[in-house]
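# Architecture and fold: a report
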Amino acid sequence: MSGRLAAWLAFIAVFSAISYYGNFSGLSDSDEEPLYHWSFFVSSMFGFGLMVGVALLIAIGAPKREIFALRSPPSWGRTIGIGVAVLVGVFVFSVLVDQFLNPGEEQGLLPDRWPPPDWVVYGFNASAVVIGAPVAEELMFRGLGYSLLVRFGPSVAIAGSAFAWALAHGLVQAFPLIFALGVGLGFLRRVTGSIVPGMLLHATFNGIALVAAAVEASH
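For clarity, every value in this text was computed on a predicted model and none was experimentally measured.

### Some words on unusual backbone geometry
For the bond from W114 to P115, the omega torsion is 5°, close enough to zero to count as cis. Although it is not a glycine, A69 sits at a positive phi angle of roughly 55°. Inspection of the secondary structure assignment puts A69 in the loop between α3 (64-67) and α4 (76-98). What makes A69 buried here is its relative accessible area of 0%.

See below:
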């Protein structure tokens, strides 16, 4: 487990450094609408594929169902209730963060104009955000990362995986919101013993953000 943890931390460090460099080196054009271009889908699939591939490499020799928490929660009713509470809490926190920071503008992902020029391109990119990101990121952070950190206690596992996830986005103003969502997802992982609810909650959060951005951009 020590070797796996070292490999996981090394990957997070490198991935985060690349993300920060890409976001703040001027290589990306903040005036573009990423979700309206095929390049976003290609780069996203590459990143998600790399993340899942590295997670599987680190987990070689370990029981995948256990280390990734790939199981159903014991009670879907209780899980949904907790998930809704986490989602509401994160959105309330996002309203507070928006008073001081501008995480959405920094990330530059949500469209400022609507409708998209090509619905096919937008559909693929939206699926990357709503499906690809939750699956890949939950496997890497609330699955593998949480399992590797939980030996230090559940609080460390929740906060540590959330911190690593926030770092991996390579953002500054959005860091508090991403960290808060990560803590909520980690708590859900803790109480359910599964990453499946976290994947669904993550997908719901991203989907709501896309719909809200579309509604705002259409006015």
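### A word on the pattern of salt bridges
Following the criterion strictly, the structure yields three salt bridges and no others. The salt bridge partner of R113 is E33, with a shortest N-O separation of 3.9 Å. Residue R113 is found in the loop between α5 (103-107) and α6 (119-149), and its partner E33 is found in the loop between α1 (2-24) and α2 (38-58); the two are separated by 80 residues along the sequence. A relative accessible area of 44% places R113 in the partly exposed class. Residue class for E33 comes out buried when judged on its relative accessible area of 7%.

### With respect to the environment of P34
Along the chain, the position of P34 falls in the loop between α1 and α2. Here the alpha-carbon distance between P34 and A213, two residues 179 residues apart in the chain, equals 13 Å. Residues contacting P34, with those up to four places away along its chain left out, are F40, G108, L109 and N125.

### Overview of the nonpolar core
With 47 residues, the main nonpolar core has W8, I12, F68, M140, F141 and L144 as its most contacted residues. At the level of elements, α1, α2, α4, α6, α7 (154-168), α8 (175-192) and α9 (196-217) are the ones that each hand at least two residues to this core. Ranked by residue count, the leading element in this core is α6, at ten residues. Not counting residues within four places of it along the chain, the set of residues in contact with M140 comprises W8, F11, I12, M51, V54, A55 and G145. Listed in part, the eight residues of the second largest apolar core include Y36, F40, Y122 and L210.

### Brief notes about the packing of aromatic side chains
Tallied over the entire structure, the rule returns 13 aromatic pairs. Relative to F124, the ring of F41 lies with its centre 5.3 Å away and its plane at 80°, an arrangement referred to as edge-to-face. Of this pair, F41 sits in helix α2 while F124 sits in helix α6, and the two are 83 residues apart along the sequence. Residue class for F124 comes out partly exposed when judged on its relative accessible area of 39%. Over the ring of W165 we find R142, and its NZ or CZ is 4.4 Å from the ring centre.

### Details of the packing of α7 against α8
Running from amino to carboxyl end, α7 crosses α8 at an angle of 140°, the nearest separation of the two axes being 8 Å. As judged from the angle between their axes, α7 and α8 are oblique. Classified by chirality, the crossing of α8 by α7 is right-handed. Contact residues: α7 offers P154, I158, A159, A162, F163, W165, A166 and L167, while α8 offers F175, I178, F179, L181, G182, V183, L185, G186, F187 and R190. In terms of residue class, the contact of α7 with α8 is built from 15 nonpolar, two polar and one charged.

### Concerning the side chain of N206
Position of N206 relative to the elements: it lies in helix α9. Contact partners of N206, with chain neighbours within four places excluded, come to V129, V130, A133 and P134.

Conventions adopted
- Residues numbered from 1 in each chain as written.
- Predicted model: local features only at pLDDT ≥ 70, side-chain atom pairs only at ≥ 80, totals over all residues.
- Heavy atoms only, no water.
- Helix = DSSP H or I, 4+ residues; strand = E, 2+ residues; numbered from the N terminus.
- Buried < 20%, exposed > 50% of the residue type's maximum accessible area, 1.4 Å probe, protein only.
- Salt bridge = Lys/Arg side-chain N within 4 Å of Asp/Glu carboxyl O.
- Contact = heavy atoms within 4.5 Å.
- Core = buried A, V, L, I, M, F, W, Y, C linked by side-chain atoms within 4.5 Å.
- Phe/Tyr/Trp six-rings, centres within 6.5 Å; stacked < 30°, edge-to-face > 60°.
- Lys NZ or Arg CZ within 6 Å of the ring centre and 35° of its normal.
- Axes fitted to C-alpha atoms, helices over the stretch in contact; angles between N-to-C directions.
- Parallel < 35°, antiparallel > 145°, perpendicular 65-115°, else oblique.
- Left-handed = near helix turned anticlockwise from the far one by under 90°.
- Nonpolar A, V, L, I, M, F, W, Y, C, P; charged D, E, K, R; others polar.

What is shown is where atoms sit, not what they do.
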